[in-house]
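A structural walkthrough
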Amino acid sequence: MVITKSRLVLGATAVTLSTIAVTSLGIHSRGQALFKASPKELVDEVWQIVQRQYVDGTFNQVDWLAVRKEYLGKSYSSQEDAYKSIREMLLKLDDAYTRFMTPEEFKSMQVDTSGELTGIGITISQDEETKKIVVISPIDDTPAFKAGILAKDIITKINGKSTEGMDTNQAVSMIRGEPGTKINLTIERNGQAKQFEIIRARIEIHPVKYSTQPTPAGKLGYIRLNQFSANASREMQSAIRDLERQRVDGYILDLRGNPGGLLFSSVEIARMWLDRGTIVSTIDRQGEQEREVARGRALTNKPLVVLVDKGSASASEILSGALQDNKRAVLVGSQTFGKGLVQSVRPLEDGSGLAVTIAKYVTPNGTDINKQGIGPDVTVELSDEQRQELWLNQREKLATPADPQFAKAVEVLGKQIAAKGITSSDKK
């Protein structure tokens, strides 16, 4: 099966707690009968995919041929036996980003957001070193966001059960549930345990929100991008064109708390801001690079500042890195999350799924941001307390002069506008 760019996910263990339709993924109804006839077919299918696509040709120093011999030499009497063996087999890679999903788990994984989610609205990952379940970011205006969950929070317990030894699939299975039901999370933040009771809900997400902002620097276009979903580029295009019609003098693009999403979405949005230059390079295990470049179709060349923080991950880092390296934008805020792996997600014959790390990405200047993140050009740090107060308790102050990172962005943008000799459209 060919994996199109729309099936490439940035940040391989990033799982949004939601429900998706899987019909577009090409799952075959004949698969269940095939599985019942021979569970080994499924085990071997997973092995073959890893053999062909895995990012590291040494399989992280694992004798992958010996692994096949070991697991195909076993007898399987049930579906669960095969699933257990597949998980054991993949664990040998010591890569939390490559994982197997049962049909139920596969359906729960958000790959191609349609704009409606069911859950609490967080994106989670498993830390590569500590193996702890970590929040990449809560999604704006969702139950998790309103409860006060923050980026980098560590989930230590779910309904009182420890997450030690748990992978993201297991965590997702425990957290997701019917709208209106409650979930209790124990969070570790700065070494302290915090308890959260959250009510699950059905969530409608519009990835782009925008407005005009009258400031001393001129009339600015403010665009907030929540996630890189399938419809994000379409909404971004509409926002930029509308703001251009309103003759704004410059732009602030807010990627704070944006956990990422689809590769093609980040590339399409980058092309709206860049006329020329490399956007991102993906490097597979042969070291071959596939470059995505601008195509001379930028919608605006006006000054741009991008807001980032520790909740800006994967696709957010591709976009901000492209704009920074091409000197198209000034980054303001704090260090980003640091998630630089590309994953292919595909269905298997029985309706289960496999997520496998197939490449890493680097910014146009060759920066590998995995585990490190991207540093802003202008640093404005907010403590967890400041961020929670601003984003939750005093939301009306977000993107106003009372928002320190936004205020600095306005200051930086004002200098850019002045340097270019742009006259504010408000003063004409």
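What you are looking at is a predicted structure, and each value in this text was computed from that prediction instead of being measured. (Residues numbered from 1 in each chain as written. Predicted model: local features only at pLDDT ≥ 70, side-chain atom pairs only at ≥ 80, totals over all residues. Heavy atoms only, no water.)

Structural notes on the packing of helix H3 (residues 64-72) against helix H4 (residues 79-91)
Direction vectors running N to C along H3 and H4 enclose 160°, while the axes themselves pass 11 Å from each other. Taken together, H3 and H4 sit at an angle that is classed as roughly antiparallel. Crossing angle aside, the handedness with which H3 passes H4 is right-handed. On the side of H3, the interface is formed by Trp-64, Val-67 and Tyr-71, while H4 contributes Ser-85, Glu-88, Met-89 and Leu-90. Here the contact of H3 with H4 is built from residues that sort into five nonpolar, one polar and one charged. (Axes fitted to C-alpha atoms, helices over the stretch in contact; angles between N-to-C directions. Helix = DSSP H or I, 4+ residues; strand = E, 2+ residues; numbered from the N terminus. Parallel < 35°, antiparallel > 145°, perpendicular 65-115°, else oblique. Left-handed = near helix turned anticlockwise from the far one by under 90°. Contact = heavy atoms within 4.5 Å. Nonpolar A, V, L, I, M, F, W, Y, C, P; charged D, E, K, R; others polar.)

Concerning the pattern of salt bridges
Opposite charge on two side chains permits pairing when their charged atoms draw close. Per the stated rule, a full pass over the model turns up 17 salt bridges. Where Lys-74 meets Glu-88, a salt bridge forms, and the shortest distance between an N and an O atom there is 3.6 Å. Of this pair, Lys-74 sits in the loop between H3 and H4 while Glu-88 sits in helix H4; the two residues are 14 residues apart in sequence, bridging distant segments of the chain. Under the relative-accessibility criterion, Lys-74 is labelled partly exposed at 28%. A salt bridge links Glu-411 to Lys-415; its shortest N-O distance comes to 3.6 Å. Of this pair, Glu-411 and Lys-415 both sit in helix H12 (residues 404-419), four residues apart, roughly one helical turn. Taking the relative accessible area as the measure of exposure, Lys-415 reaches 55% and is therefore exposed. (Salt bridge = Lys/Arg side-chain N within 4 Å of Asp/Glu carboxyl O. Buried < 20%, exposed > 50% of the residue type's maximum accessible area, 1.4 Å probe, protein only.)

Comments concerning the pairing of strand E18 (residues 330-333)
Alternating positions in E18 separate into two faces, Val-330 and Val-332 on one and Leu-331 and Gly-333 on the other, with burial throughout. Bridge count for strand E17 (residues 304-308) against E18 is four bridges, and the pairing is parallel. Each bridged residue has a counterpart across the sheet, and for Val-308 the counterpart in E18 is Gly-333. As for the winding sense of the linkage, the β-α-β connection from E17 through helix H10 (residues 315-325) to E18 is right-handed. Strand direction decides the pairing type here: E18 and strand E21 (residues 378-379), joined by two bridges, are parallel. The residue bridging Gly-333 from the neighbouring strand is Thr-379, located in E21. (Pairing = 2+ DSSP bridges. Right-handed = clockwise from strand over helix to strand, strands pointing away.)

Brief notes about the confidence of the model for the protein chain
In this model, the protein chain carries a mean pLDDT of 85, and residues with pLDDT of at least 70 account for 87%. Considering only residues more than four positions removed or in separate chains, one finds that residues 1-37, a stretch of pLDDT under 50, has 121 contacts. Note on residues 423-428: pLDDT is under 50 here. Beyond four places in sequence and across chains, it has 13 contacts. (pLDDT = per-residue confidence, 0-100.)

A look at the packing of aromatic side chains
This model, assessed by the stated rule, comprises six aromatic pairs. Judged by centre distance (5.7 Å) and plane angle (15°), the ring pair of Phe-59 and Trp-64 falls under stacked. You can call Phe-59 buried: its relative accessible area is 7%. Between Tyr-83 and Phe-100, the ring centres sit 4.9 Å apart and the planes meet at 50°, which makes this aromatic pair tilted. Linking Tyr-83 in helix H4 with Phe-100 in strand E3 (residues 99-101), this pair joins segments that are 17 residues apart in sequence. Neither Tyr-83 nor Phe-100 differs from the other in exposure class; each is buried. Pairwise contacts between aromatic rings join Trp-47, Tyr-54, Phe-59 and Trp-64 into one cluster. (Phe/Tyr/Trp six-rings, centres within 6.5 Å; stacked < 30°, edge-to-face > 60°.)

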